[in-house]
Amino acid sequence: MKILGIETSCDETSAAVVEDGRILHSLVTATSLDLHAKYGGVVPEIAARRHIESILPVIDEALREAFVPNAEKDSTLPSPHSTLPSSHSDPWDQIDGIAVTYGAGLGGSLLVGVMTARTLAIVKNKPLYGINHVEGHVYANFITNVSSSLSTNYQLPTTAPKFPILALIVSGGHSQLVLFRDHFDYTLLGQTQDDAIGEAFDKVAKMIGLPYPGGPSVGKKALEGNPHAFDLPKAQMTSISSALTELRREKTEVRSEEEDATPPHSTLPTPHSASNASYDFSFSGLKTAALRRAQAMIGKDFTFPSKDLPAALTEAQKADIAAVFQRVAIETVVDKTIMAFEEFKPASVVIAGGVAASPELRRQLAERLPISIEYTDTKLCTDNGAMIATLGCFKALHGQPTADPYSLEIQPNLSM
Ligand code: KG4
Ligand code: ZN
């Protein structure tokens, strides 16, 4: 089962071929990051225009990487608008389906991927799978092998995660804790009530004059600073979603049935203590607290414009702000992950999304989780077609419904 995955929800145009939800045959990504850097964030119009330019060459190159033998690749130039050397058999014969991100994301960006996938599904007569981008991020963790056709090096987990899986999804648009009982059977335990963690990194980076994207640049600057130079507050959340309330009720029922000596038949993880913990996050207060601290460091109050901070702060002050902000932001998500682990005792924990590339997150989690955790390659954490192809494989393998190539619509606000 080989699926072509297409991802264009934000500023990355990416396509990949994945087999059986575990073997990566190709991954090609073109990013418009350089064009957005000077604006300090993604400009939707620019991203959409760049997707239009890149999408066909990217798909062509992904098919070529997967299906043209290495020797032939070296002797032929990639052609942007027709696939592969004419002597070669049609790579489409080896593709069993197309998976495409249809939400959540930027409308103009999503449209380019979805319209391309719909057209290809009709012309090449392939089943089409619509993929939820956030759910897709989690599936990057299922890739455990690469085919010999790949020249790029990937650091992959040795085994696929086992259900029930606790997933911490942390990106520029999302911060969520999700419990997967099985494929396509999950509960959203909690999510951010305001900024996503990656968005907070991006805003704090801008505030102290570091380049976009903020996650890697704050991480780098933090290496020069003292993460305990001062403290910043963590938001105390109390909100509990109806889905989490329902899950806790189900678990309590399962537990009392088990206590009545009925043989256990449910795959639901049983909670190990009665909990009313909230798994929601909030990062806007932390970001504002970092701003107030920066203003205070130079002897100014809240009226001092944040745009003037980069020139007023010393490099040592910037490094301390980066180090403290990063420690507290990461602790916030790690605290909740550990709490959810203790309540639901999952078999595996995975992290997903752009911020999952953070070495500080990886370090804190490995240190505090009582089970071992494997991480995927950072190239598979940020937006990529491989995660979309992988979830597409599982949809196909599990007989999930296909999308209608004549009517699949984008859903910019799609949630889990
Ligand atoms: O998943 P992603 O590529 O796009 C979204 O779906 O949002 O995530 C982008 C986010 C950005 O906020 C970026 O600052 C953050 O991921 N990020 C990182 C790292 N690489 C990207 N954050 C921390 N450490 C990194 N190495
Ligand atoms: Zn993403």
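Every value quoted in this text rests on a predicted model; they were computed, and no experiment measured them.

Parameters at a glance
- Residues numbered from 1 in each chain as written.
- Chains lettered and ligands numbered in written order.
- Predicted model: local features only at pLDDT ≥ 70, side-chain atom pairs only at ≥ 80, totals over all residues.
- Heavy atoms only, no water.
- Helix = DSSP H or I, 4+ residues; strand = E, 2+ residues; numbered from the N terminus.
- Buried < 20%, exposed > 50% of the residue type's maximum accessible area, 1.4 Å probe, protein only.
- Contact = heavy atoms within 4.5 Å.
- Polar contact = N/O pair within 3.5 Å; in protein donor to acceptor, adjacent residues only side chain to side chain.
- Near = heavy atom within 4 Å.
- Areas by Shrake-Rupley, 256 points an atom, 1.4 Å probe, with all protein chains shown as cover.
- Nonpolar A, V, L, I, M, F, W, Y, C, P; charged D, E, K, R; others polar.

### Side note on unusual backbone geometry
- Cis geometry marks the peptide bond from G103 to A104; its omega dihedral reads -10°.
- Structurally, A104 is set in the loop between β4 (97-103) and α4 (107-123).
- Of the consecutive residues F163 and P164, the connecting peptide bond is found in the cis state with omega at -5°.
- Despite not being glycine, N125 shows a phi value in the positive range, around 55°.
- For N125, the position within the fold is in the loop between α4 and β5 (128-132).
- According to the relative accessible area criterion, N125 is exposed, its value standing at 68%.
- You will see that K345, though not glycine, has its phi angle at about 40°, which is positive.
- Mapped onto the fold, K345 is located in the loop between α11 (315-344) and β10 (348-352).
- Residue classification places K345 among the partly exposed positions, given a relative accessible area of 38%.

### Details of helix α7 (residues 214-222)
- Taken together, the buried positions of α7 are occupied by G214, S217, V218, G219, K221 and A222.
- Contact partners of the buried residues in α7: α6 (197-207) and α11.

### Some points on the side chain of S9
- Counting through the fold element by element, S9 comes out in the loop between β1 (2-7) and β2 (12-19).
- A polar contact is formed between the side chain of S9 and the side chain of E7, at a distance of 2.7 Å.
- Side chain to side chain, S9 and H133 meet in a polar contact 3.3 Å long.
- Excluding residues within four positions of it along the chain, S9 makes contact with T101, A104, G105, L106, S109, L110, H133 and D383.

### So, the site of ligand 1
- Lining the immediate surroundings of ligand 1 are 18 residues, of which G172, D202, G215, G354 and D383 lie closest.
- In this structure, an oxygen atom belonging to ligand 1 sits 3.2 Å away from a main-chain N or O atom of G173.
- Starting from 550 Å² of accessible surface for ligand 1 in isolation, the protein chains cover 87%.
- Residue contributions to the shell around ligand 1 peak at three residues, all from α7.
- Considering only residue class, the shell around ligand 1 consists of four nonpolar, 12 polar and two charged.

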